[in-house]
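Breakdown of the fold
Spelled out, the chains give:
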Amino acid sequence: MEKTISTKENFLKGLVRENPVLVLLLGCCPTLGVTSSATNAIGMGLATLFVLVMSNLVISLVKNVIPDKVRIPSFIVIIAAFVTVVQLLMEAYTPALFEQLGLFIPLIVVNCIVLGRAEAFASRYSVGASVVDGLGMGLGFTLALLLLGSAREVLGSLSWFGLKFSESDGMLVFVLAPGAFITLGFIIAIMNGLKKKKA
Amino acid sequence: MEYVILLISTVLINNIVLAKFLGICPFLGVSKSSSTALGMGVAVIFVMTISTVFTWLVYTYLLLPLDLAYLQTVTYILVIAFLVQVVEIVMKKVSPELYQALGVYLPLITTNCTILGVAILVVQNDFNLLKSVVFAVGNSVGFTLAIVIFSSIREQMDMAEGIPAWMKGTPAALITAGILAMAFMGFAGLV
């Protein structure tokens, strides 16, 4: 049984209302791990976006062929295959970024967003809707990462996308591990505050 | 001595959760009470040690000789998922008490990125088997230490009054984790 959903709503839900990072709190490891600069954040976001779209596409294509019992392992293998593709592509064409993101590229396999969308969306909806869902969720993820990465880079090293706008040193703690937790904490707090105001 | 230093550095200095950002999902998700946090921690120690040994063996004796190193990610995730299943079945048969205590955490561990992360790091660092085991034990103990401390703080925070409404829950927990990470940075000069 395939369910249906309007394309516009499907696309937009991933950006704000069901933002995977800021609202659903999925995929927190790369969110915190690679956002010490805006460039890294974009790179990670786009890599995940690619895996999300491709795995959603393939899973919704084969969903009727896979027996229900071995559903999850099959999804994981499909996802792992696309992650390997991204890994090899990035190693070949963007070696510097690949080096920076390091371990977090292969770890896209266990990013709960990807498996979560496969299970919750791609295995129920049509191919087109699944691709749109992957795009929306992937962009939502990228946006959240960009927001966090920008905040940390601006506060921590007084630069944005590597462009320094002041000679003095920033607050180093924001680039280091504790800053990641604290910045994400405040961003989610602000989101909560805005949501309450609206309601 | 080398092994002792590796152990100390993985548990305290490069703590897998607070410095390397692996395993944040269980760290935030299963840390509402300290007893469940401890259960999760012990399950991770168990699975991580076993899975690191197996993935190391698979990589060294299967993938490398066959020139299939690029299949690392796919193979590892399958080996880990398979092992978690086996551990679950064996534990159920051999020690039902242990299964009672840890059973619910086992399925969650397949998607715990610490397990896959450590398995990949071991290969990246070219560790031998013994070193890999020490590395796995150190990292999983570090995970347990962090999650137990964190859950104890969260238990106290639930009783605290005066946290503003918009900071309650996840935001406050994340900021607590940040302060905890700062505290762990103090270990940096230890080795």
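So, here's what we can say about the structure. Given the structure is predicted, the values throughout are model-derived calculations rather than measurements. (Residues numbered from 1 in each chain as written. Chains lettered and ligands numbered in written order. Predicted model: local features only at pLDDT ≥ 70, side-chain atom pairs only at ≥ 80, totals over all residues. Heavy atoms only, no water.)

1. Some remarks on the overall build of chain B
The secondary structure content of chain B amounts to nine helices and zero strands. Listing the helices and strands of chain B from first to last along the sequence gives α-α-α-α-α-α-α-α-α. Relative to the globule expectation of 16 Å for 191 residues, the C-alpha radius of gyration of chain B, 18 Å, shows essentially globular dimensions. Taken along its principal axes, the extent of the C-alpha atoms in chain B is 60 × 45 × 30 Å. For chain B, the residues scored as buried account for 51% of the 191 residues in total. For chain B, restricting intrachain contacts to residue pairs at least 6 apart in sequence, the fraction spanning at least 24 positions comes to 77%. Here chain B has roughly 8,700 Å² of accessible surface; of this, 70% comes from carbon and sulfur atoms. Taken as two groups, the 7 positive and 8 negative side-chain charges of chain B have centres that lie 5 Å from each other. (Helix = DSSP H or I, 4+ residues; strand = E, 2+ residues; numbered from the N terminus. Rg over C-alpha atoms; globule rule 2.2 N^0.38 Å. Buried < 20%, exposed > 50% of the residue type's maximum accessible area, 1.4 Å probe, protein only. Contact = heavy atoms within 4.5 Å. Areas by Shrake-Rupley, 256 points an atom, 1.4 Å probe, with all protein chains shown as cover. Lys, Arg positive; Asp, Glu negative; His and termini not counted. Charge placed at Lys NZ, Arg CZ, Asp CG, Glu CD.)

2. Overview of the interface of chain B and chain A
Taken together, the contact between chain B and chain A spans 34 residues of the former and 37 residues of the latter. Contact between chain B and chain A buries roughly 3,000 Å² in total, counting both sides, with carbon and sulfur atoms accounting for 86%. Between the two partners, chain B and chain A, sit zero salt bridges. Connecting chain B to chain A are one residue pair in polar contact (both at pLDDT 80 or more). (Buried area = accessible area lost by both parts, 1.4 Å probe. Salt bridge = Lys/Arg side-chain N within 4 Å of Asp/Glu carboxyl O. Polar contact = N/O pair within 3.5 Å; in protein donor to acceptor, adjacent residues only side chain to side chain.)

3. Observations concerning the layout of surface pockets
Residues and elements named next belong to chain A. One number sums up the size of the second largest pocket: a volume of about 350 Å³. The leading source of residues in the lining of the second largest pocket is helix 8 (residues 177–198), at six residues. Grouping the amino acids of the lining of the second largest pocket by side-chain chemistry returns 11 nonpolar, one polar and three charged. (1 Å grid on protein atoms, 1.4 Å probe; cavity = no way out; pocket = protein on both sides within 12 Å on 5 of 7 lines; lining within 4 Å. Points joined across faces, edges and corners; volume = space filled by probe spheres on them. Nonpolar A, V, L, I, M, F, W, Y, C, P; charged D, E, K, R; others polar.)

4. Observations concerning the nonpolar core
Counting 106 residues, the largest nonpolar core has Ile105 and Phe181 of chain A together with Leu18, Ile24, Phe27, Ile109 and Leu116 of chain B as its most contacted members. Top contributing element to this core by residue count: helix 3 (residues 34–63) of chain B, with 10 residues. Not counting the four nearest positions on each side in its chain, Ile109 of chain B is found in contact with Met40, Ala43, Val44, Val47, Val84 and Ile115 of chain B. (Core = buried A, V, L, I, M, F, W, Y, C linked by side-chain atoms within 4.5 Å.)

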